[in-house]
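Chain by chain, the residues:
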Amino acid sequence: MSERTQPRIGVVGLGTMGGAMAANLAKAGFPLTAWNRTPGRSHELEALGIDIAATPRALASTADIVLVCVSDTPDVEAVLFGPEGVAEGAAPGSLVIDCSTIDPAGSRRFAARLAEKGIGFVDAPVTGGSEGARNATLAILVGGAPADVERARPVLAAIGRTITHLGPVGSGQAAKAVNQVILAATYLGVAEGLVLALKAGLDPQQVVEALSGGAAQSWVLANRSGRMLANEYPLGFKVALHLKDLGIALDIARESGAVLPIAALVAQLEAGLVATGHGDDDMSALARAIRGLSGLEA
Ligand code: NAP
């Protein structure tokens, strides 16, 4: 019996997340081609022996599975259906895995357009931060037809640790919106708590250590309190991208009748950060906003 060969993967988008995913897919032994809109983000990947394609179309024409990780819904649309896009090059029977965080209605639209060409689609947004992408420990929230999800699973297993199939196309994105709403509250809560510690004259680092064993313990307290105390916000996850995600969550809330007061408040604070030139800061810069409102250095 002949040995089963690995599918050839094409990765579109080599930013913080997509670049790390491509590196982990290459390390897992998948034959790989990659493409990025801005050339030059791919030097590290070329060193790993990854081919760089000239266009998404060229990339898709050689790939069994195309993994997309770009910023927002119009960006996914551009790389899939724009000139020289994936849909022009992908063969019937191929599969697109979209790891970007986008509007679930967009995922359903894109899946329907690709299905007309016999191309499968799963939405597979991720959570776990840039560290999770680098270490291949992401939690992946998947929507799609069961056969497509099973086909995607070995690829997803090379970039993440937990893979959950939540339902049809769009379900992964809806679950990701839930994640972003919970993160909004957690980041804001940690930022407010640390500002209170500073204003109350406590040693904030000692407070963080004391609380880490109690009920206020969280990933944000463990991994982002240092940035908030230093008032320095290297990436990470951009404020502008989280604001985009809260827009998605608030749209779903409006359509479904959910009321999300903290998500709405955090969206306003993040809009303020973007307006004052901090959209590319890590999202822990919510502490910058609370510091400023509290009369501390912002
Ligand atoms: P990033 O570092 O800003 O990278 C964005 C990538 O998208 C770049 O490769 C960029 O290309 C590409 N891109 C954007 N618009 C494009 C367009 N119209 N056409 C072609 N390429 C386009 O962002 P990231 O942090 O990797 O985030 C990527 C996705 O993952 C987002 O949906 C984000 O919400 C999600 N996410 C991020 C994190 C995190 O911690 N960073 C965690 C979970 C999920 P250029 O290089 O040409 O700009």
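These lines cover the structure that appears in this document, whether it is placed above or below. (Residues numbered from 1 in each chain as written. Predicted model: local features only at pLDDT ≥ 70, side-chain atom pairs only at ≥ 80, totals over all residues. Heavy atoms only, no water.)

**Some thoughts on the nonpolar core**
And step 1. Of all hydrophobic cores here, the largest spans 33 residues; its most connected members are Met21, Leu25, Leu67, Ile97, Cys99 and Leu156.
And step 2. For this core, the elements supplying multiple residues, two or more each, are strand S1 (9-12), helix H1 (16-27), strand S2 (32-35), strand S4 (65-68), strand S5 (95-98), strand S8 (138-143) and helix H8 (146-157).
And step 3. Element by element, the count of residues in this core is highest for H1, at six residues.
And step 4. Apart from residues lying up to four places away in sequence, Cys99 is in contact with Met21, Leu67, Val68, Cys69, Ala124, Pro125, Val126, Leu156 and Ile159.
And step 5. With 26 residues, the next largest nonpolar core counts Val195, Leu269, Leu273 and Ala289 among its residues. (Core = buried A, V, L, I, M, F, W, Y, C linked by side-chain atoms within 4.5 Å. Buried < 20%, exposed > 50% of the residue type's maximum accessible area, 1.4 Å probe, protein only. Helix = DSSP H or I, 4+ residues; strand = E, 2+ residues; numbered from the N terminus. Contact = heavy atoms within 4.5 Å.)

**As for the packing of aromatic side chains**
And step 1. Taken as a whole and judged by the stated rule, the model has one aromatic pair.
And step 2. The interplanar angle of 50° and the centroid separation of 5.8 Å between the aromatic rings of Phe81 and Phe110 together place this pair among those described as tilted. With Phe81 in helix H4 (residues 73-81) and Phe110 in helix H6 (residues 104-115), the pair connects residues that are 29 residues apart, well separated along the chain.
And step 3. Above the plane of the ring of Phe81 lies Arg113, whose end atom (NZ or CZ) is 3.8 Å from the centre. (Phe/Tyr/Trp six-rings, centres within 6.5 Å; stacked < 30°, edge-to-face > 60°. Lys NZ or Arg CZ within 6 Å of the ring centre and 35° of its normal.)

**Remarks on the pairing of S5**
And step 1. With burial as the criterion, each face of S5 is covered, one bearing Leu95 and Ile97 and the other bearing Val96 and Asp98.
And step 2. As paired strands, S4 and S5 are joined by four bridges and run parallel to one another. Bridge assignment links Val66 to a residue of S5, and that residue is Val96.
And step 3. Note: S5 against strand S6 (residues 120-123), four bridges, orientation parallel. (Pairing = 2+ DSSP bridges.)

**Some details on the pattern of salt bridges**
And step 1. What the rule picks out here adds up to eleven salt bridges.
And step 2. Taking the shortest distance from any N to any O, the salt bridge between Glu88 and Arg57 comes out at 3.2 Å. Here Arg57 lies in helix H3 (residues 56-61) and Glu88 lies in helix H5 (residues 86-89), a separation of 31 residues in the sequence.
And step 3. The class of Glu88 is partly exposed, set by a relative accessible area of 41%.
And step 4. You can call Arg57 partly exposed: its relative accessible area is 36%.
And step 5. Where Arg288 meets Asp281, a salt bridge forms, and the shortest distance between an N and an O atom there is 3.0 Å.
And step 6. On the accessibility criterion, Arg288 (14% relative accessible area) is buried.
And step 7. Accessibility expressed as a relative area gives 15% for Asp281, which makes it buried. (Salt bridge = Lys/Arg side-chain N within 4 Å of Asp/Glu carboxyl O.)

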